[in-house]
2 protein chains.
Amino acid sequence: MSADKIADALETDIVGGAYHPGEELKQGKIADRFSVSRIPVRDALQLLAARGVIELVPNKRARVISLSASEIDEVYALRLLLESDCLRQSIQNMTDIDIGAIERALAHSDIDAKTERWADSDWEFHESLYRPSKRPRQLAMIESLRKTCRIHIAGYGILPSRTEGWLDDHARLLDACRSRSENQAVNILTRHIENARDTLMSALPGTDSAPHGQA
Amino acid sequence: MSADKIADALETDIVGGAYHPGEELKQGKIADRFSVSRIPVRDALQLLAARGVIELVPNKRARVISLSASEIDEVYALRLLLESDCLRQSIQNMTDIDIGAIERALAHSDIDAKTERWADSDWEFHESLYRPSKRPRQLAMIESLRKTCRIHIAGYGILPSRTEGWLDDHARLLDACRSRSENQAVNILTRHIENARDTLMSALPGTDSAPHGQA
DNA sequence: CCGCCTCAAAATGTATACATTTATACATTT
DNA sequence: AAATGTATAAATGTATACATTTTGAGGCGG
């Protein structure tokens, strides 16, 4: 098993909530688990650090990222900026074929609602929304920021209780795309993301139910 | 010499134009140069890949990034989005102390105009503009995108011939900050960045003087 | 003359062994 | 008992040696 595969496996575990934010990853343990030496494990950890999944300080143990409230707030501000712009670009380029792909992604996420695959399907839907923008780098940034959020959501055990509301947002986003209503789509998306932000913020350890307060 | 230092030294060389886009970096050569084994060199290369300075594919040689015209176009689109937003946030938080820091950075970049230190001073000025935004993550993204541009500018041997115009833009940006004119500042910044983009695009190998054409 | 295959040289990937740094537990002191 | 210093254990960083993959040159055939 090579560094890439190890990184992918670890990332799946981390975004799935098997490790919570701040938890340590020891090279030796991981090497044993995958039956390799520590060298490819080190490479894998570097890759995860590059993807923003773990934090790596020389001579210290690797840790799953753990963001403060204000850091999470900035991440969501960046998501609002990048995803809104991406959606605008996307709608401007959107063909009927793209609409079809979004419809399929919506149906798929409908099936996976309330299951453990929800997060994956949710991302697939948004990716289908953003892909027509033809902005691969921007899309990668968005995916990375979303992964950051997901690690915290999974790590703090936030259940997908509001899945219905989110599915509803998705359906309305699709409608806005069908009619090429840029502003309407961006409005829906903005509320969608702000909603997710507040859900996460109020579940943060230390802050008890303070939806978007201090910064 | 450890991985961090090696990465920093290599990055300085690359953004300084010692390597041009697409050029190969061989682990063995670098290891000899710094009198270490290939292990810390590999770590350094991973760090540079994480910073977006080189491209790293398993079993292949490391290469300095080399972006196509459309990729560079996307990078500038992202810069326009992120830097404009950052400047707005910054001006909203800006104190007189911050203004003073911008004034000093402007004076410093004035001194370094037309020297090889221009690029560093230019970044210092923009950093002083953006720092009051209190968006460290957004600032890091901007710095990374700018570094990407700088690698290509340096690698294709674009001389700082238009430095006076850019210094003028900086002075006008400072004025706009003094009067807290968000829109005016963003307008100046937008033209400033678009100007730099067109300068780079028309110097790209393969495209001869086509300022912002196909995408 | 161009394209393709083969094979040796070179570069990257990995395991093992060892050095260095960090962390934990324990004893000591106040 | 709390705080501090020290020693032992554990984890990370690096060098060397070897396996694997890529690459590039040369020869072969079209």
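Residues numbered from 1 in each chain as written. Chains lettered and ligands numbered in written order. Predicted model: local features only at pLDDT ≥ 70, side-chain atom pairs only at ≥ 80, totals over all residues. Heavy atoms only, no water.

### Side note on the protein's contact with DNA strand D
What counts here: Nearness here has a simple test: a residue counts as near a molecule or strand if at least one of its heavy atoms is within 4 Å of that partner. We define a polar contact as two N or O atoms separated by no more than 3.5 Å, with the added condition that, inside protein, one atom must be a possible hydrogen donor and the other a possible acceptor, whereas residues neighbouring each other in sequence contribute only through side-chain atom pairs. Here a helix means four or more residues in a row that DSSP labels H or I, a strand means two or more in a row labelled E, and each is numbered from the N terminus.
The full set close to DNA strand D counts 18 residues, and R38, R42 and N59 of chain A together with S37 and R61 of chain B are the nearest of them. Taking the atoms of DNA strand D that fall within 4 Å of the protein, sugar and phosphate contribute 74% of them. Here a base nitrogen of DNA strand D and a side-chain polar atom of R38 of chain A are 2.8 Å apart. Contact between DNA strand D and N59 of chain A: a phosphate oxygen at 2.8 Å from a main-chain N or O atom of the residue. Among the secondary structure elements, those contributing two or more residues to the surface near DNA strand D are α2 (27-34) and α3 (38-50) of chain A together with α3 (38-50) of chain B.

### Focus on the protein's contact with DNA strand C
In the vicinity of DNA strand C lie 18 residues, with S37 of chain A together with Q27, R38, R42 and N59 of chain B positioned nearest. For DNA strand C, the backbone makes up 72% of the atoms found within 4 Å of the protein, where backbone means sugar plus phosphate. Between DNA strand C and Q27 of chain B there is a distance of 3.2 Å, counted from a phosphate oxygen to a backbone nitrogen or oxygen. In the model, a base nitrogen of DNA strand C is placed 2.7 Å from a nitrogen or oxygen of the R38 of chain B side chain. Taken together, the elements giving at least two residues each to the surface near DNA strand C come down to α3 of chain A together with α2 (27-34) and α3 of chain B.

### Here's the deal with the pattern of salt bridges
Which entries qualify depends on this criterion: Within this document, salt bridges are pairs made up of a side-chain nitrogen of Lys or Arg and a carboxyl oxygen of Asp or Glu, the two lying within 4 Å of each other. Residue burial is assigned from relative accessible area. The probe radius is 1.4 Å, only protein chains are included, and a residue is buried under 20% of its type maximum, exposed over 50%, and partly exposed in between.
By the definition in use, this model includes 40 salt bridges over all chains. Here D169 of chain A ties to R172 of chain A by a salt bridge, and the two come within 3.3 Å at their closest N and O atoms. Placement of the pair is D169 of chain A and R172 of chain A together in helix α8 (residues 163-178), with a separation of three residues, close to one helical turn. D169 of chain A sits in the buried class, given a relative accessible area of 11%. When its relative accessible area of 39% is taken as the criterion, R172 of chain A is described as partly exposed. The shortest N-O distance in the salt bridge between R88 of chain B and E182 of chain B comes to 3.0 Å. Taken together, the residues span a long stretch of sequence, with R88 of chain B in helix α4 (residues 69-93) and E182 of chain B in helix α9 (residues 182-203) at a distance of 94 residues. In this structure R88 of chain B comes out as partly exposed when scored by relative accessible area, which is 28%. A residue is classified by how much of its surface remains accessible, and E182 of chain B, at 21% relative accessible area, is partly exposed. Salt bridges sharing partners connect three or more residues here, namely D8, E11, R51 and K147 of chain A.

### Section: the relation of the copies chain A and chain B
What counts, and what does not: To line up the copies, we fit them by least squares on C-alpha atoms, keeping just the residues with pLDDT of at least 70 in both. Any two residues whose heavy atoms approach within 4.5 Å are treated as being in contact.
The transform that puts chain A on chain B rotates by 180 degrees and translates by 0.0 Å along the axis, for an RMSD of 0.0 Å. One copy is carried onto the other by what is essentially a two-fold rotation axis. Among all residues of chain A, the one whose C-alpha sits closest to the rotation axis is A50 of chain A, at a distance of 2.3 Å. Both copies share a contact surface, since 100% of the interface residues of chain A are interface residues in chain B too.

### Some details on the packing of helix α1 (residues 3-15) of chain B against α3 of chain B
All names here are of chain B. To keep things clear, this is the line we draw: Only the contacting stretch of a helix is used when fitting its axis, a line to C-alpha atoms as for every element, and angles between N-to-C directions run 0 to 180 degrees. Angles below 35 degrees are treated as roughly parallel, those above 145 as roughly antiparallel, those between 65 and 115 as roughly perpendicular, and all remaining angles as oblique. Here a crossing is taken to be left-handed if its near helix is turned anticlockwise relative to the far helix by less than a right angle, and right-handed if that turn runs clockwise. Think of it as three bins: nonpolar holds Ala, Val, Leu, Ile, Met, Phe, Trp, Tyr, Cys and Pro, charged holds Asp, Glu, Lys and Arg, and polar takes everything else, Gly as well.
Closest axis-to-axis distance for the α1/α3 pair is 8 Å, and the angle between their directions is 55 degrees. Taken as axis vectors, α1 and α3 run oblique relative to one another. Along this stretch, α1 crosses α3, giving a crossing that reads as right-handed. Every residue of α3 that contacts α1 at A3, D4, I6, A7, L10, E11 and I14 is listed here: P40, D43, A44, L45, L47 and L48. The residue inventory of the contact of α1 with α3, partitioned by class, reads ten nonpolar, no polar and three charged.

### Let's talk about the domain arrangement of chain A
Residues and elements named next belong to chain A. Just so we agree on the cut-off: Note that domain bounds follow an automatic or database assignment of domains. Two parts placed together each lose some accessible area under a 1.4 Å probe, and the buried area is that loss summed for both.
Considered domain by domain, chain A is made up of domain 1 (3-64) and domain 2 (69-203). Of note, the centres of domain 1 and domain 2, computed from C-alpha atoms alone, are 27 Å apart. Taken residue by residue, the interface counts eleven residues in domain 1 and nine residues in domain 2. Carbon and sulfur atoms supply 64% of the area buried between domain 1 and domain 2, which totals about 740 Å² over both sides. Looking only at domain 1, the three residues that lose the most surface to domain 2 are V15, P21 and R51, adding up to 57% of its buried area.

### A few points about the state of the cysteines
How we decide: A pair of sulfur atoms, both from cysteines and within 2.5 Å, is called a disulfide here.
All told, the structure shown has zero disulfides over all chains when counted by the stated rule. Free cysteine: C177 of chain A, not disulfide-bonded; nearest cysteine sulfur from C86 of chain A at 11 Å. The closest cysteine sulfur to the non-disulfide-bonded C149 of chain B is located on C86 of chain B, 16 Å from its own sulfur.

### Things to note about the packing of aromatic side chains
All names here are of chain A. How we decide: Only Phe, Tyr and Trp rings are paired, with Trp represented by its six-membered ring, and only when their centres lie within 6.5 Å; those with planes under 30 degrees apart are stacked, over 60 edge-to-face, the remainder tilted.
As enumerated under the stated definition, the model contains two aromatic pairs over all chains in all. Ring centres 6.3 Å apart and planes at 25 degrees place the aromatic pair W118 and W166 in the stacked group. Taken together, the residues W118 in helix α6 (residues 118-130) and W166 in helix α8 connect sequence positions 48 residues apart.

### Overview of the nonpolar core
To be explicit about the condition: For our purposes a nonpolar core is just a set of buried Ala, Val, Leu, Ile, Met, Phe, Trp, Tyr and Cys residues, chained together by side-chain atoms within 4.5 Å.
Counting residues in each nonpolar core, the largest one holds 130 residues, and the members touching the most others are I14 and L87 of chain A together with I14 and L87 of chain B. In contact with I14 of chain A, other than residues within four places in its own chain, are Y19, L25, L48, V53, I54, V64 and I151 of chain A.

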